[in-house]
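# Geometric and topological summary
Read off the chains here:
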Amino acid sequence: MTFRLPDDESEKPDLKRRDFLRSGAAVAVITLAPGVTLTAFGGSEAEAGAADAGKRWGLLIDASRCDPDCNACVTACSQENGWEDTGKPETDAQWIRKVTLKDKATGRESSLPVMCQHCEEPPCVDVCPTGASFKRADGIVLVDKHICIGCRYCMMACPYKARSFIHEPIVNQKSWAPRGKGTVESCTLCVHRVDTGRIPACVEACAATGNKAIIFGDLKDPESEISRRLAEYPSLALRADLDLNPGVRYTNL
Amino acid sequence: MFRLLLIFALALGPAGVVTAEDHGEPISKMLPQLPPATGEPHPEGNEFWRKKHMELLSHDRNLTVREGEREIQASLKECFVCHQAKDENGTPVSADDPRNFCRVCHDFVGIKVDCFVCHRSTPDGVDEAAQRAGGEDRADMVRDGPDLEELFAYLDGLTSPEMAQTEGIGE
């Protein structure tokens with residue numbers, strides 16, 4: 001990546017403040033140093049209402065702000081949606097996981113959450129034989145569990161290993177996140193929250209830790225925080241070579 | 001509005017037969033006895049809901065899942081806000097218990113829905129795990145079902161030489 005520069009930790013606090021104070025005006029500073037900060041998610045990007053084709057919901061994840069020792073987004077997701085670690089990593093559901101990337105040449109490590117990337121061209125949707133795997137008008141990729149037959153083609157098609165299969169009977173689900181044996185599931189971008197004007201649980205939890213590494217917003221609205229960030233600073237899509245145009249983007253990887 | 005009233009009026013008659021509207025003695029112990037509901041009754045009437053709830057549910061679930069429409073008429077999680085059957089301790093019972101609102105009728109007509117593999121059948125916060133652990137297997141639909149011994153005896157009888165002979169005559 002051409003924009004990847006040495007990560008100077010000592011630069012960060014200052015940058016944070018300046019970036020915060022001058023908001024969008026700090027472009028020059030930011031392109032020189034990679035500790036670019038993403039400001040807190042201000043206000044609610046999501047407005048209550050049904051899936052709107054005029055919007056495309058997405059996430060922007062700043063790896064430089066993601067603390068390797070922090071798991072708040074994962075915990076929040078699991079609590080919100082009622083999936084849990086039962087100590088069986090091969091079969092446990094993982095809607096979101098923390099991944100550590102290491103640049104073999106330099107030894108630099110970065111930590112980042114990876115979840116369903118909500119692709120514009122989702123391979124999981126292409127392969128689904130029943131139409132259960134689908135993309136909402138607002139870009140959120142979901143499993144309609146009512147017609148999922150549990151064939152797991154989508155799990156194989158997904159280059160991000162974002163989907164899980166439920167192997168065992170489940171009890172005490174959340175009323176807003178029904179889950180059951182024999183079907184596939186993945187990050188829903190907290191669709192039940194988004195539809196009622198709230199932000200996804202991981203974004204909220206990350207902001208609460210003060211790291212503010214995840215921004216949620218409408219990629220189709222050029223004025224949204226996320227779109228402005230994307231327009232100003234370099235970002236990348238995981239497995240960009242696949243041309244899936246994911247709705248989840250990363251900076252400072 | 002007039003039509004709604006008409007439907008409602010029509011529904012009132014037959015609805016009384018099966019439901020909690022009869023606060024006194026049940027008309028027949030053979031008919032399912034639904035737990036009393038709270039809240040506003042359905043404007044379309046009980047008759048309509050008895051007949052149409054399955055269609056309404058599958059129609060409206062698509063609205064929510066596919067279109068993101070959350071203000072739906074037949075929301076499965078909402079059913080249990082008003083339709084709660086409670087156990088001796090006052091805890092709402094889940095679909096693992098034959099007293100559960102949906103099961104009372106479904107057991108009666110011998111159908112089984114898979115909704116509660118995924119969905120809760122009690123309001124959030126009720127411990128359904130305790131009920132599942134203590135209760136019977138979900139597959140065991142009809143609690144006071146037919147005496148299987150009798151059925152097996154009958155089936156055994158079919159394969160006995162005596163029966164085979166009777167069948168032979170019929171041919």
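As shown above, the structure is provided for reference.
In what follows, the accompanying structure is described. (Residues numbered from 1 in each chain as written. Chains lettered and ligands numbered in written order. Predicted model: local features only at pLDDT ≥ 70, side-chain atom pairs only at ≥ 80, totals over all residues. Heavy atoms only, no water.)

## Comments concerning the overall build of chain B
Within chain B, the regular secondary structure consists of eight helices and zero strands. Traced from its N-terminal end to its C-terminal end, chain B shows the element sequence α-α-α-α-α-α-α-α. Taken across its 171 residues, chain B has 29% of its residues classed as buried. For chain B, long-range pairs separated by at least 24 residues make up 56% of all intrachain contacts whose partners lie at least 6 apart in sequence. By element, 60% of the accessible surface of chain B is carried by carbon and sulfur atoms, the whole surface being about 11400 Å². (Helix = DSSP H or I, 4+ residues; strand = E, 2+ residues; numbered from the N terminus. Buried < 20%, exposed > 50% of the residue type's maximum accessible area, 1.4 Å probe, protein only. Contact = heavy atoms within 4.5 Å. Areas by Shrake-Rupley, 256 points an atom, 1.4 Å probe, with all protein chains shown as cover.)

## Observations concerning the interface of chain A and chain B
Chain A puts 27 residues into the contact, and the matching count from chain B is 20 residues. Buried area between chain A and chain B, summed over both chains or domains, comes out near 1900 Å², and the portion from carbon and sulfur atoms is 49%. On the chain A side of the interface with chain B, the three residues burying the most area are His146, Asn172 and Ser175 of chain A, jointly 29% of the side's total. Linking chain A with chain B are two salt bridges, by the criterion used here. A salt bridge links Arg66 of chain B to Asp144 of chain A; its shortest N-O distance comes to 3.1 Å. A breakdown of the residues in the side of chain A that touches chain B according to their chemical character gives 12 nonpolar, nine polar and six charged. (Buried area = accessible area lost by both parts, 1.4 Å probe. Salt bridge = Lys/Arg side-chain N within 4 Å of Asp/Glu carboxyl O. Nonpolar A, V, L, I, M, F, W, Y, C, P; charged D, E, K, R; others polar.)

## Here we look at the pairing of strand 8 (residues 214–218) of chain A
Two faces belong to every sheet, and in a regular strand the side chains alternate between them. With respect to burial, strand 8 of chain A is a largely interior element, five of its five residues being buried. Side chains of strand 8 of chain A alternate between two faces, with Ile214, Phe216 and Asp218 of chain A and Ile215 and Gly217 of chain A buried alike.

## Remarks on the sheet that holds strand 9 (residues 248–251) of chain A
All names here are of chain A. As summarised here, the arrangement of the three strands in space is 8-1-9, forming an open sheet in which the pairing is mixed. If you trace the sheet from one side to the other, it starts and ends with strand 8 and strand 9, each paired once. With direction set aside, neighbouring strand axes in the sheet form an average angle of 20 degrees. The sheet contact formed by strand 1 (residues 57–62) and strand 8 spans five bridges and is antiparallel. Residue pairing in the sheet places Trp57 in a bridge with Asp218 of strand 8. Its contacts with the sheet place helix 8 (residues 225–232) against strand 1, strand 8 and strand 9, and it is angled at close to 110 degrees to strand 8. (Pairing = 2+ DSSP bridges. Axes fitted to C-alpha atoms, helices over the stretch in contact; angles between N-to-C directions.)

## A word on the packing of aromatic side chains
The tally for this structure, following the rule as stated, stands at two aromatic pairs over all chains. Geometrically, the ring pair formed by Trp57 of chain A and Phe216 of chain A is stacked, given 4.9 Å between the ring centres and 20 degrees between the ring planes. Remark: Phe216 of chain A occurs in strand 8 and Trp57 of chain A occurs in strand 1; sequence separation between them is 159 residues. In terms of burial, Trp57 of chain A and Phe216 of chain A fall into one category: buried. With a centroid separation of 5.8 Å and an interplanar angle of 70 degrees, the aromatic rings of Phe80 of chain B and Phe116 of chain B are classed as edge-to-face. Separated by 36 residues along the polypeptide, Phe80 of chain B in helix 3 (residues 76–82) and Phe116 of chain B in helix 5 (residues 115–118) bring together distant segments of the chain. According to the relative accessible area criterion, Phe116 of chain B is buried, its value standing at 6%. Taking the ring centre of Phe165 of chain A as reference, the NZ or CZ of Arg152 of chain A above it sits at 3.7 Å. A cation over a ring is seen here: Arg66 of chain B above Phe134 of chain A, with NZ or CZ 4.0 Å from the ring centre. (Phe/Tyr/Trp six-rings, centres within 6.5 Å; stacked < 30°, edge-to-face > 60°. Lys NZ or Arg CZ within 6 Å of the ring centre and 35° of its normal.)

## Details of the pairing of strand 3 (residues 109–115) of chain A
Residue and element names in this part refer to chain A. Most of strand 3 sits out of view: six of its seven residues are buried. In the sheet, strand 2 (residues 96–102) pairs with strand 3 via seven bridges, with the strands oriented antiparallel. Paired with Ile96 across the bridge in strand 3 is Met115. Here strand 2 hands over to strand 3 after six residues, with Gly107 in that stretch at a positive phi of 85 degrees.

## Let's talk about the state of the cysteines
One pass over the structure, following the stated rule, counts zero disulfides over all chains. The thiol sulfur of Cys190 of chain A is not disulfide-bonded, and the nearest other cysteine sulfur, from Cys77 of chain A, lies at 6.2 Å. (Disulfide = S-S within 2.5 Å.)

## Overview of unusual backbone geometry
Residues and elements named next belong to chain A. The backbone of Cys190 shows a phi angle near 50 degrees, a positive value even though the residue is not glycine. Tracing the backbone through its elements, the reader meets Cys190 in the loop between strand 7 (184–185) and helix 6 (191–194). The class for Cys190 is buried, based on a relative accessible area of 7%. Even without being a glycine, Lys212 presents a positive backbone phi close to 50 degrees. Mapped onto the fold, Lys212 is located in the loop between helix 7 (201–209) and strand 8.

## Points about the nonpolar core
It is characteristic of soluble globular proteins that their nonpolar side chains tend to be buried jointly. Residues Leu59, Ile96, Met115, Ile214, Phe216 and Tyr250 of chain A are the most contacted members of the largest nonpolar core, which totals 50 residues. Going through the elements one at a time, strand 1, helix 3 (72–81), strand 3, strand 5 (141–143), helix 6, helix 7, strand 8 and strand 9 of chain A are the ones with two or more residues in this core. Apart from residues no more than four positions distant in its own chain, Ile214 of chain A is found in contact with Leu59, Leu60, Ile61, Cys73, Pro113, Cys202, Val203 and Cys206 of chain A. Within the second largest apolar cluster, six residues are counted, among which are Leu76, Cys79, Phe80 and Phe116 of chain B. (Core = buried A, V, L, I, M, F, W, Y, C linked by side-chain atoms within 4.5 Å.)

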